[in-house]
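Okay, here's what each chain looks like letter by letter:
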Amino acid sequence: MPVLDSLDLFLFSLSRSFCSPLAVFFQIQGCVICLTLAIGWAFAAFIRNREIKLMKSSMRAGNSFAFLFHDINELEHSNQVNLPRVTVVMPLKGFGEHNLHNWRSQITSLYGGPLEFLFVVESTEDPAYRAVSRIIAEFKDDVDATVIVAGLSTTCSQKIHNQLFGVEKMHKDSKYVLFLDDDVRLHPGSIGALTAEMEKNPEIFIQTGYPLDLPSGSLGSYCIYEYHMPCSMGFATGGKTFFLWGGCMMMHADDFRHDRYGVVSGLRDGGYSDDMTLAAIAGAHKRLITSPPVAVFPHPLASDLSFSRYWNYLRKQTFVLESYTTKVNWLMNRALFSSHCYLSWGFVAPYFMSMTHVAAALRIYIRGYAHEETIFVSKGLLLVTCLAVCTFIELFSMWNLTRVEVQLCNMLSPEAPRLSLASYNWVLVFIAMLVDNFLYPISALRSHFSQSINWSSIRYHLKNGKINKIDRSKDKGPIYTDLGGKHLYGKKGAPPKASFLGSLAKNLAQWRQPKKFDG
């Protein structure tokens, strides 16, 4: 029989220690985390799939516009003419490869009521200013869209400053205001669906949605996809939720005009994160946040999204837990911070232990050690098998939810390029799960001890949960969004082909309003 060498002794002792009661607990915990995520994604898929079935049922009944309304009678002129006015505010920063497509999807909405679009930039030097001006010129006779310059923020993040500046400029008769990020790709009926829910239930404080990430192939893009997926189950409730995504938020315009619940002052006076601040206000005042099942939006990630850009994005996401508005909000953020860090490393640790068990088993097989010397390995391999099964179930559930959301997006945007699961690499998805969960606590701890973050060449410093200092780099900052592309000043691209939806959008725009709204 071969004699154990020092490497094998170390490997076997490590594998044996991972069979201790405490180590077994952590490995079983990893299995529980996998199964919990799988159940959550299965429920989210059920909610999204229920909407698909409703749309198919409506289509079988002869409704060709089921992607807009389940009931075709909603398209009657008597219903459309009474729709409330909506102002869409889009804070812009930089210009990425998908922005033109995203902006076109936003301003060619098939909402039948009065609608205005306010694109807000910090200065005319922002690359987004020239790009969006071309889009507005292209649709100037069909939509009411304006690009406005907000100037530099001094008391809050630049994004919040742009949002509040847009609110100040919105039409005096607007009933609702919809905040959109520049990386949101809307469906033709998205604005109408959000507005219908607000009209149906006036108690709704905020309506929100969530992105469906379309990875570009890099590990960084898959890490972002994996980072968003656990949160997606909180937005696929079909109704009430406690989650809020700043990329899509519809609110009552009067809440801003009258600063109800302190929405304006809470954002303006030291606000860093729009969604975290508003979610805290909603929780403090027992206000309702909802997410309709159709509010899922394709989010193509940049083709050149590097790992360093993913890390910068993760840093900004973990930094939001350092901002807060009240003591209760601070306690909730600390609880989120602690639980997320614990569960992230609690998810990764079992895989490290499993690799040790597998490595030990391989050494036994290769070297031919006696069974009585390595009997502990069989127990380790049993744990490995359990984790492998749970991981497969988790990945299958993630795949199924992504499949359902891809199908739903294709039905909600029948003339858009078809989305497909074929481009997803599930090996990279698994690797991204390990990488993202390993790095999250590191990023969160760094944010906690630094209390400052660089966001698009602007460094924000926090004190007592609010921004108290803003440093701007003298050098010109990046001219693309964190998840955007690098082709910033390339060709504008060929104009889109005339389509049925495009023609219908123009006809609706001309029918519902004069060339320009009255002030």
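Residues numbered from 1 in each chain as written. Predicted model: local features only at pLDDT ≥ 70, side-chain atom pairs only at ≥ 80, totals over all residues. Heavy atoms only, no water.

Asker: How should I be thinking about helix H8 (residues 219–235) in this particular structure?
Answerer: Since there are 3.6 residues in each turn of an α-helix, residues three or four apart along the chain are aligned in direction. For H8, which comprises 17 residues, the first-to-last C-alpha distance of 25 Å matches the rise-based estimate of 24 Å (1.5 Å per residue) to within 8%. Met 229 marks where H8 bends most, by close to 35°; the proline Pro 230 follows one to four residues later. Most of H8 is tucked away: 13 of the 17 residues are buried. (Helix = DSSP H or I, 4+ residues; strand = E, 2+ residues; numbered from the N terminus. Expected span 1.5 Å × (residues − 1). Bend = angle between axes of the 7 residues up to and from the residue. Buried < 20%, exposed > 50% of the residue type's maximum accessible area, 1.4 Å probe, protein only.)

Asker: For this particular structure, what's the right way to read a nonpolar patch on the surface?
Answerer: A contiguous nonpolar patch, built from Leu 35, Val 389, Phe 392, Ile 393 and Phe 396 and spanning about 470 Å² of accessible area, is present on the exposed surface. Sort the elements by how many residues they give to the nonpolar patch and helix H14 (residues 376–412) lands first, with four residues. Mapped onto the secondary structure, Phe 396 falls in helix H14. (Patch = residues over 30% accessible without salt bridge, like charges linked within 9 Å, V, L, I, M, F, W, Y side chains within 5 Å. Areas by Shrake-Rupley, 256 points an atom, 1.4 Å probe, with all protein chains shown as cover. Salt bridge = Lys/Arg side-chain N within 4 Å of Asp/Glu carboxyl O.)

Asker: Sorry if this is basic, but what is going on with helix H2 (residues 21–60) here?
Answerer: Helix length check: H2, at 40 residues, gives a terminal C-alpha distance of 57 Å against a target of 58 Å (1.5 Å per residue), a fit within 8%. Backbone geometry just downstream of H2 places Gly 62 in the positive-phi region, at approximately 100°.

Asker: Help me understand the state of the cysteines, please; the structure alone is not making it clear to me.
Answerer: By definition, a disulfide links the sulfur atoms of two cysteines through a covalent bond. Tallied over the full model, the rule gives zero disulfides. For Cys 386, which is in no disulfide, the shortest distance to another cysteine sulfur is to Cys 31 and amounts to 5.7 Å. (Disulfide = S-S within 2.5 Å.)

Asker: What is the right way to read the nonpolar core from this model?
Answerer: In a soluble, globular protein the nonpolar side chains are often hidden away together inside. Core analysis: the largest hydrophobic core is formed by 57 residues, its most contacted members being Leu 212, Tyr 310, Phe 347, Met 398, Val 429 and Tyr 440. Every element with two or more residues in this core is listed here: H2, strand S6 (210–214), H8, helix H12 (307–319), helix H13 (327–367), H14 and helix H15 (426–450). Sequence-distant contacts of Leu 212, that is, excluding residues within four places in its chain, are made with Val 296, Phe 297, Pro 298, His 299, Thr 402, Glu 405, Val 406, Cys 409 and Tyr 424. Core analysis: the second largest hydrophobic core is formed by 38 residues, Tyr 176, Val 184, Trp 245 and Ala 295 among them. (Core = buried A, V, L, I, M, F, W, Y, C linked by side-chain atoms within 4.5 Å. Contact = heavy atoms within 4.5 Å.)

Asker: I tried to follow the packing of H2 against H8 on my own but got confused; where do I start?
Answerer: Geometrically, a packed helix pair is captured by the angle between its two axes and the distance between the axes. Interhelical geometry of H2 versus H8 gives an angle of 50° and a closest axis separation of 9 Å. By the angle between their directions, the pair H2 and H8 is classed as oblique. Handedness of the H2/H8 crossing: left-handed. Where H2 approaches H8, its residues Leu 37, Gly 40, Trp 41, Ala 44 and Arg 48 are matched on the opposing element by Met 229, Pro 230, Ser 232, Met 233 and Phe 235. (Axes fitted to C-alpha atoms, helices over the stretch in contact; angles between N-to-C directions. Parallel < 35°, antiparallel > 145°, perpendicular 65-115°, else oblique. Left-handed = near helix turned anticlockwise from the far one by under 90°.)

Asker: Please explain the confidence of the model for the protein as it appears in this structure.
Answerer: Predicted coordinates in areas of low pLDDT are best not read in detail. Residues of the protein with pLDDT of at least 70 account for 88%, and the chain-wide mean is 87. Of the regions scoring below 50 in pLDDT, residues 506–519 engages in 30 contacts with residues more than four places distant in sequence or in other chains. (pLDDT = per-residue confidence, 0-100.)

Asker: Just checking my understanding: could you explain the side chain of Asn 63 for this structure?
Answerer: With respect to the secondary-structure elements, Asn 63 resides in the loop between H2 and helix H3 (77–80). A polar contact of 2.9 Å, which involves the side chain of Asn 63, links it to the backbone nitrogen of Phe 65. Within the structure, Asn 63 has its side chain in polar contact with the backbone oxygen of His 70 (distance 3.2 Å). With sequence-adjacent residues up to four places away left out, Asn 63 is seen in contact with Ser 58, Phe 69, His 70, Asp 71 and Ile 72. (Polar contact = N/O pair within 3.5 Å; in protein donor to acceptor, adjacent residues only side chain to side chain.)

Asker: How should I be thinking about unusual backbone geometry in this particular structure?
Answerer: If a residue is not glycine, its phi is most likely negative; likewise, a peptide bond is most likely trans. With a phi angle near 50°, Asp 259 is a residue other than glycine that sits in the positive phi range. By the element assignment, Asp 259 lies in the loop between helix H9 (253–257) and helix H10 (263–268). In this structure Asp 259 comes out as partly exposed when scored by relative accessible area, which is 30%. For Lys 286, which is not glycine, the phi dihedral falls at a positive 55°. On the accessibility criterion, Lys 286 (71% relative accessible area) is exposed.

Asker: Can you help me understand the packing of aromatic side chains in this one?
Answerer: Two measures describe an aromatic ring pair: the distance that separates the ring centres and the angle between the ring planes. Here the structure, examined in full by the defined rule, presents 24 aromatic pairs. Seen in terms of ring centroids, Trp 103 and Phe 119 are 6.3 Å apart; in terms of plane orientation they differ by 75°. Their pairing is edge-to-face. Of the two residues, Trp 103 is situated in helix H4 (residues 99–107) and Phe 119 in strand S2 (residues 115–121); the sequence distance between them amounts to 16 residues. For the pair shown, Trp 103 and Phe 119 are each scored as buried. Both rings, one in Tyr 210 and one in Trp 245, keep their centres 6.1 Å apart while their planes meet at 70°; by these two values the pair is edge-to-face. Taken together, the residues span a long stretch of sequence, with Tyr 210 in strand S6 and Trp 245 in the loop between H8 and strand S7 (248–252) at a distance of 35 residues. The class of Tyr 210 is buried, set by a relative accessible area of 6%. (Phe/Tyr/Trp six-rings, centres within 6.5 Å; stacked < 30°, edge-to-face > 60°.)

Asker: Please clarify how the sheet that holds strand S12 (residues 466–472) should be interpreted in this entry.
Answerer: Two strands in a sheet stick together by hydrogen bonds in their backbones, pointing the same way (parallel) or opposite ways (antiparallel). The strand order S10-S11-S12 describes an open sheet built from three strands, whose pairing is antiparallel. Both outer strands of the open sheet, strand S10 (452–455) and S12, are each paired with one neighbouring strand and no more. Here the average twist between neighbouring strands, direction ignored, is 25°. (Pairing = 2+ DSSP bridges.)

Asker: Looking at this model, I keep getting lost on the environment of Val 296. Mind explaining?
Answerer: Within the fold, Val 296 resides in strand S9 (residues 296–300). For Val 296, a relative accessible area of 0% puts it in the buried group. Residues Val 296 and Arg 185 lie 111 residues apart in sequence; the distance between their C-alpha atoms is 9.4 Å. Among all residues touching Val 296, those that are not within four sequence positions of it are Arg 48, His 187, Tyr 210, Leu 212, Glu 405, Leu 408 and Cys 409.

Asker: What should I look at first to understand the pairing of strand S5 (residues 204–208) in this one?
Answerer: Taken residue by residue, a regular strand's side chains alternate between the two faces of the sheet. In terms of residue burial, S5 counts as a mostly covered element, since five of its five residues are buried. For S5 and strand S8 (residues 288–290), the ladder comprises three bridges, and the chain directions are parallel. Across the sheet, residue Ile 206 finds its bridge partner in S8, namely Ile 289.

Asker: What is the right way to read the sheet that holds strand S1 (residues 86–91) from this model?
Answerer: Pairing within the open sheet is mixed, and its seven strands lie in the order S3-S2-S1-S4-S7-S5-S8. Single-partner strands in this sheet number two, and they are strand S3 (144–149) and S8. Put simply, the sheet's adjacent strands are angled 20° from each other on average, direction ignored. Summarising the sheet, S5 and S7 pair through three bridges and their orientation is antiparallel. Looking across to S7, one finds that Ile 206 is bridged to Met 251.

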